[in-house]
Amino acid sequence: MQMKDTEFRIGTFHGRHDGAPVKVTSVRDDTRPDPYFWLCSCGATRSFPTEDGVFPSAWRHTHPTRLDRLRQWATRLLPTRRAR
Ligand SMILES: [Zn+2]
């Protein structure tokens, strides 16, 4: 990923979700309202006001628990059921 002059890479996470390997890059940029954020190679991004939430959230995103997978599966399934 391309880094701007104001951005500092503070961590990289490798993992997989939805059956594909992914990479999350966590970044600090003091010019943003929420200076800490991460970007996933799947396109997902989240920002935080402090550094505290960045790493747990990035780790969780690259290493979904069985419960997370179940929730994603249920989310995909429910709209189909409602349509019937
Ligand atoms: Zn992702």
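In case you missed it, the structure is sitting above this.
Model, not experiment: these values are computed from the prediction. (Residues numbered from 1 in each chain as written. Predicted model: local features only at pLDDT ≥ 70, side-chain atom pairs only at ≥ 80, totals over all residues.)

Visitor: What is the right way to read the nonpolar core from this model?
Guide: Generally speaking, a soluble globular protein has its nonpolar side chains buried in company with each other. Of all hydrophobic cores here, the largest spans six residues; its members are V24, V27, Y36, W38, V54 and A58. Among the secondary structure elements, those contributing two or more residues to this core are β2 (20-29), β3 (36-40) and α1 (54-62). With residues up to four places along the chain from it excluded, the contact list for Y36 reads R28, S47, F48, T50, E51 and V54. (Core = buried A, V, L, I, M, F, W, Y, C linked by C-beta atoms within 7 Å. Buried ≥ 20, exposed ≤ 12 C-beta atoms within 10 Å, placed from the backbone. Helix = DSSP H or I, 4+ residues; strand = E, 2+ residues; numbered from the N terminus. Contact = placed C-beta atoms within 7 Å.)

Visitor: Can you help me understand α1 in this one?
Guide: Residues that lie three or four places apart on an α-helix share one face, since the helix turns once every 3.6 residues. Within the sequence span of α1, burial applies to V54, A58, H61 and T62. Buried residues of α1 fall within an arc of 90 degrees about the axis and therefore sit on the same side. Of the surrounding elements, those touching the buried residues of α1 are β1 (7-17), β2, β3 and β4 (45-48). (Arc of directions from axis to C-beta.)

Visitor: What exactly am I supposed to notice about the sheet that holds β3 here?
Guide: Sheet strands pair via backbone hydrogen bonds, and the direction of the pair is either parallel or antiparallel. Reading across the sheet, the four strands line up as β1-β2-β3-β4 and stay open at both edges, with antiparallel pairing between neighbours. The open sheet has two free edges, formed respectively by β1 and β4, since each of these has just one partner strand. Across the sheet, the mean angle separating the axes of adjacent strands is 15 degrees when strand polarity is ignored. Where β3 meets β4, four bridges bridge the pair, whose relative direction is antiparallel. Counted as the bridge partner of F37 is S47 from β4. (Pairing = 2+ DSSP bridges. Axes fitted to C-alpha atoms, helices over the stretch in contact; angles between N-to-C directions.)

Visitor: Please clarify how the pairing of β2 should be interpreted in this entry.
Guide: The side chains of a regular strand alternate between the sheet's two faces. As judged from the 10 bridges shared by β1 and β2, these two strands associate in the antiparallel manner. In the sheet register, T12 faces β2, and the bridge partner there is T25. Hairpin remark: β1 followed by β2, antiparallel, with two residues in the connecting loop; positive phi at D18, about 55 degrees. Adjacent in sequence and paired antiparallel, β2 and β3 are bridged by six residues.

Visitor: Could you clarify how one ought to interpret the pairing of β3 in this entry?
Guide: The sheet contact formed by β2 and β3 spans five bridges and is antiparallel. Counted as the bridge partner of R28 is Y36 from β3. The loop that links β3 with its antiparallel partner β4 comprises four residues; one of these, G43, has a positive phi angle of about 105 degrees.

No statement about biological role is implied by the geometric values presented.
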